[in-house]
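# Overview (structure and organization)
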Amino acid sequence: MSMTRQAPNQRQQEWRDVLTVLANQRGSWVGGNRRSTARPRLVLFPPAVTGSQASGRTSARHRPALKRLHYYIEMKSVGDQVVEDESGLHDDEESFFQDIDLLQKHGINMADIKKLKTVGICTVKGIQMTTRRALCNIKGLSEAKVEKIKEAAGKILESGFVTAFEYSEKRKQVFHVTTGSLEFDKLLGGGVESMAITEAFGEFRTGKTQLSHTLCVTAQLPGESGYTGGKVIFIDTENTFRPDRLKDIADRFNVDHEAVLDNVLYARAYTSEHQMELLDFVAAKFHEEGGVFKLLIIDSIMALFRVDFSGRGELAERQQKLAQMLSRLQKISEEYNVAVFVTNQMTADPGAGMTFQADPKKPIGGHILAHASTTRISLRKGRGDLRIAKIFDSPDMPENEATFSITAGGVADAKE
């Protein structure tokens, strides 16, 4: 008994051909993600490459559909089928944190959740990291609402103690961003560590800004232990960021200029208050594109505080504001599993001569910054383009030194 199947109409067949072509092509989504309102596109190949040149698996029947695709296909045209396949790629990274929208299931209305997001609290862990007093300062949140929000967050999160073994399993998600120098990486235990604040301090011309520019490029490159690379946020307080410098460093690693620049978000901070406000944007961006951003750079952390607060009369207020900013940075790094790299300036120590110290200069920021930084690196000048990095403080790396050089391609190993 033979059965006849009704032939699909022409439009249905066209879309099937389009989806077949998409399945056969190797491409990547750019310009957006499943959380973003932007409309991504799938980059396949240049418009001139069509038919059998694009893929040996593309049949003659599919070539008309392939030509209609041209350089990209907007996600809206493809439909939900492709979105489902793509969204699976980010599941592991986005599961690192729990979205604050989960509070709706525990009786928190959307209006209150939006109020939390306006101040950069976008995850359930972010609520746990914020004091009740700070939450009450948010406009529209009463003490009763804050207590209810805290209670709901406590139901979602596993609060309390975990074993050292369980914590070691969580630490396996930590990655390292290479500095561009193997010796420097060895000194740091693999590079700039995620879920931590790495501080580099030194005099002018010791390579702090050059190291920051190099990290902007190396953070985008795949690395060891399955590191896939990602985007970077750069907060500039001294007007030292130069996009052309990134192009020179990109040439060293054979990376496309436009791709490198497009993956770096830049902001110029003008006051210490503005610098703090930018962290709200940073937190929102890390949440919006979960797992995409890997590095946050602030060059330098103390420059604006030195300007906005002067004299011993304002020292206590300055240190309190600084402590709040560093606490926020530490929480962001742990909340979203990103590496935070900050540079710091030096100051002369008037009392050093009385204690016969070899170096009368010290990093500014006092004990507040010293305790907040996970790893502190001291940079000093060497001969010519050589620079010397020394571990000043670290929870797991021994005190040691490494020599590197500053080249046209950024930070590199010193030549013998």
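These remarks concern the structure in this document.

Calculation criteria
Position labels on residues start from 1 in each chain and follow its written sequence. Owing to the predicted nature of the model, reporting of local features is limited to residues with pLDDT of at least 70; listing and counting of side-chain atom pairs is limited to 80 or more, with chain, interface and lining totals taken over all residues. Where side-chain values are given, they derive from all heavy atoms of the structure, hydrogens and water being excluded. Runs of H or I in DSSP of at least four residues are treated as helices and runs of E of at least two as strands, each being numbered from the N terminus. For each residue, the accessible area found with a 1.4 Å probe, counting protein chains only, is set against the maximum for its type, and the residue is called buried under 20%, exposed over 50%, and partly exposed in between. Note on contacts: a residue pair qualifies if any of its non-hydrogen atoms lie within 4.5 Å across the two residues. Per-residue accessibility takes into account occlusion by the displayed protein chains alone, with areas from the Shrake-Rupley method and a 1.4 Å probe. At least two DSSP bridges between two strands are needed for those strands to be called paired. To obtain an axis, a line is fitted to C-alpha atoms, over the contacting stretch when the element is a helix, and the angle between two such axes runs from 0 to 180 degrees between their N-to-C directions. Take a side-chain nitrogen of Lys or Arg and a carboxyl oxygen of Asp or Glu: if they are within 4 Å of each other, that pair is a salt bridge.

Glancing now at the overall build of the protein chain. Per the secondary structure count, the protein chain includes 18 helices and 15 strands. Here the protein chain holds 416 residues, and 44% of them are scored as buried. Long-range pairs, those at least 24 residues apart, make up 66% of the contacts in the protein chain with a sequence separation of at least 6. When the accessible surface of the protein chain is totalled, it reaches about 22900 Å², and 51% of it is carbon and sulfur.

Looking at where Lys-331 falls in the secondary structure, it is placed in helix H17 (residues 315-336). Note: C-alpha distance between Lys-331 and Lys-125 (206 residues apart in sequence) is 9.2 Å.

The next point concerns the sheet that holds strand E8 (residues 293-299). Spatial strand order, E7-E6-E8-E9-E5-E12-E13-E14-E15: nine strands in an open sheet with mixed pairing. On the outer flanks of this sheet lie strand E7 (264-268) and strand E15 (410-413), each paired with one strand and no other. Taking the axes of each pair of neighbouring strands and ignoring which way they run, one obtains an average angle of 25° across the sheet. Judged from the four bridges that link them, strand E14 (residues 401-407) and E15 form a sheet pairing that is antiparallel. Residue pairing across strands places Ser-405 opposite Ala-412, the latter belonging to E15. Against the sheet, helix H13 (residues 243-252) contacts E7, E14 and E15, and its axis sits at roughly 35° relative to E15. Helix-sheet contacts for H17 involve strand E5 (196-202), E8 and strand E9 (339-344), and the interaxial angle to E5 is about 130°.

With that settled, the discussion passes to the pattern of salt bridges. Scanning the entire structure with this criterion turns up 16 salt bridges. Close ionic contact of Glu-193 with Arg-171 constitutes a salt bridge, the shortest N to O distance being 3.0 Å. Of this pair, Glu-193 sits in strand E4 (residues 192-193) while Arg-171 sits in helix H10 (residues 164-171); the two residues are 22 residues apart in sequence, bridging distant segments of the chain. Given the relative accessible area of 13%, Glu-193 is considered buried. For Arg-171, a relative accessible area of 30% gives the class partly exposed. For Lys-390, the salt bridge is made with Glu-399, and the minimal N-O distance between the two is 3.5 Å. Each member of the salt-bridge network shares a partner with another, and the members are Lys-231, Lys-285, Glu-288 and Glu-289.

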